[in-house]
Amino acid sequence: MVSLNLFIALGIVLFFIGLLGVLIRRNIIIIMISIEIMLNAINIMLVAFNRYKFIENNDGLTYSFFIIAVAAAEASVGLAILIAVYRKRKTVFVNKLNTMSN
Amino acid sequence: METFLFYFLGIGLLTTAGTAIVLKNPMHSIISMIVSFFFISGLYLLLSAPFLAVIQIMVYAGAILVLFLFVIMLFDLQKSEYQKDKFTKFDIVSILLVGFGASKLVALVVTSNSVVNFSKAQSVSNDFGSVKAFAYSLFGASGVIGQHSFVFEVISVLLLAAIISAVVLAKKRL
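Residues numbered from 1 in each chain as written. Chains lettered and ligands numbered in written order. Predicted model: local features only at pLDDT ≥ 70, side-chain atom pairs only at ≥ 80, totals over all residues. Heavy atoms only, no water.

Draft legend 1. Local environment of the overall build of chain A. Check the secondary structure of chain A and you find three helices and zero strands. Reading the helices (α) and strands (β) of chain A from amino to carboxyl end gives α-α-α. Over its C-alpha trace chain A gives a radius of gyration of 17 Å, far above what one expects of a compact globule, namely 13 Å for 102 residues. Overall, the C-alpha framework of chain A stretches about 50 × 25 × 20 Å when taken along its three principal axes. Put simply, chain A has 102 residues, and 61% of those count as buried. (Helix = DSSP H or I, 4+ residues; strand = E, 2+ residues; numbered from the N terminus. Rg over C-alpha atoms; globule rule 2.2 N^0.38 Å. Buried < 20%, exposed > 50% of the residue type's maximum accessible area, 1.4 Å probe, protein only.)

Draft legend 2. Geometry of helix H2 (residues 28-53) of chain A. Between its first and last C-alpha, H2 of chain A extends 38 Å over 26 residues, near the 38 Å set by a 1.5 Å rise per residue. The buried fraction of H2 of chain A amounts to 20 of the 26 residues, a majority that puts the element mostly inside the structure. (Expected span 1.5 Å × (residues − 1).)

Draft legend 3. Broad picture of the packing of helix H1 (residues 4-24) of chain A against H2 of chain A. Residues and elements named next belong to chain A. Between H1 and H2, the least distance of the axes is 8 Å, while the angle of their chain directions is 165°. The orientation of H1 with respect to H2, classified from their angle, is roughly antiparallel. In this structure, H1 meets H2 at a crossing whose hand is left-handed. Along the lines of polarity and charge, the residues of the contact of H1 with H2 split into 19 nonpolar, four polar and one charged. (Axes fitted to C-alpha atoms, helices over the stretch in contact; angles between N-to-C directions. Parallel < 35°, antiparallel > 145°, perpendicular 65-115°, else oblique. Left-handed = near helix turned anticlockwise from the far one by under 90°. Nonpolar A, V, L, I, M, F, W, Y, C, P; charged D, E, K, R; others polar.)

Draft legend 4. Summary view of the pattern of salt bridges. All told, the structure shown has one salt bridge over all chains when counted by the stated rule. Of the charged contacts in the structure, one is a salt bridge between Arg26 of chain A and Asp91 of chain B, with a shortest N-O distance of 3.3 Å. With Arg26 of chain A in the loop between H1 and H2 and Asp91 of chain B in helix H5 (residues 89-110), the pair connects residues from two separate chains. (Salt bridge = Lys/Arg side-chain N within 4 Å of Asp/Glu carboxyl O.)

Draft legend 5. Broad picture of the confidence of the model for chain A. Summary statistics for chain A give a mean pLDDT of 88 and a share of 98% for residues scoring 70 or more. Mean pLDDT across the elements of chain A ranges from a minimum in helix H3 (residues 59-89) of chain A, with 90, to a maximum in H2 of chain A, with 92. (pLDDT = per-residue confidence, 0-100.)

Draft legend 6. Main features of the side chain of Arg25 of chain A. Counting through the fold element by element, Arg25 of chain A comes out in the loop between H1 and H2. At 3.0 Å, the side chain of Arg25 of chain A forms a polar contact with the backbone oxygen of Leu23 of chain B. Each residue touching Arg25 of chain A, except ones within four places of it in the same chain, is listed here: Ile30 and Ile31 of chain A together with Ile21, Val22, Leu23, Lys24 and Asp85 of chain B. (Polar contact = N/O pair within 3.5 Å; in protein donor to acceptor, adjacent residues only side chain to side chain. Contact = heavy atoms within 4.5 Å.)

Here you go:
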């Protein structure tokens with residue numbers, strides 16, 4: 001069986017891939033996908049800690065279940081905002097949506 | 001066998017997640033994300049959490065990402081439009097910084113005397129990660145309130161608020 005370190009390392013690398021996606025992309029849809037990648041990295045780490053360190057209870061699994069529910073709510077509200085913005089501005093690039101800063 | 005499966009799923013997961021943030025066409029990157037969620041579901045099975053693996057495919061790949069796909073189809077982006085996403089000098093700096101931070105953290109984790117030491121997995125009972133265990137912690141058993149029942153109710157209120165706000169935001173005149 002694989003040791004805990006490898007699962008945590010995988011989660012860390014996946015989290016940083018998501019962070020990189022938020023930093024380097026301008027397309028707002030890809031930014032939201034990167035947020036989903038980061039949530040999934042945290043889920044993997046929670047489940048791995050639960051499986052290796054706290055096998056007598058189920059808390060890590062239950063919390064990753066809650067994170068999935070919160071991610072569903074976040075995606076629906078974010079996409080609704082995105083549709084409203086696109087209808088008004090006709091663009092999905094965040095460097096063109098900076099009317100609040102200047 | 002489990003080591004081989006871990007490396008197969010892990011490398012596949014990192015590859016598909018990497019292509020999801022690199023590809024220019026949002027449609028291709030969503031499909032790459034769906035494949036990476038199947039790899040994550042395999043990792044949950046490896047960690048003996050079958051219920052979470054099923055939820056991952058049904059809720060994440062089946063509902064959330066298909067919602068993303070529908071929204072992209074609504075946008076009807078042209079090729080000349082999404083190809084405008086170019087790299088700049090600032091992006092090189094952020095790639096270097098993120099690579100530095102990730103390599104430092106991974107080096108901290110994979111060394112032998114790290115905070116998460118090389119603990120091998122003990123064998124678990126059949127109940128671990130099953131639907132029954134989830135139901136006990138969410139709803140309680142035989143008159144006793146569950147450990148996470150309150151959080152479950154809060155999540156349901158949050159989902160209701162999300163439904164209402166999505167309907168209000170998607171209306172024609174805000």
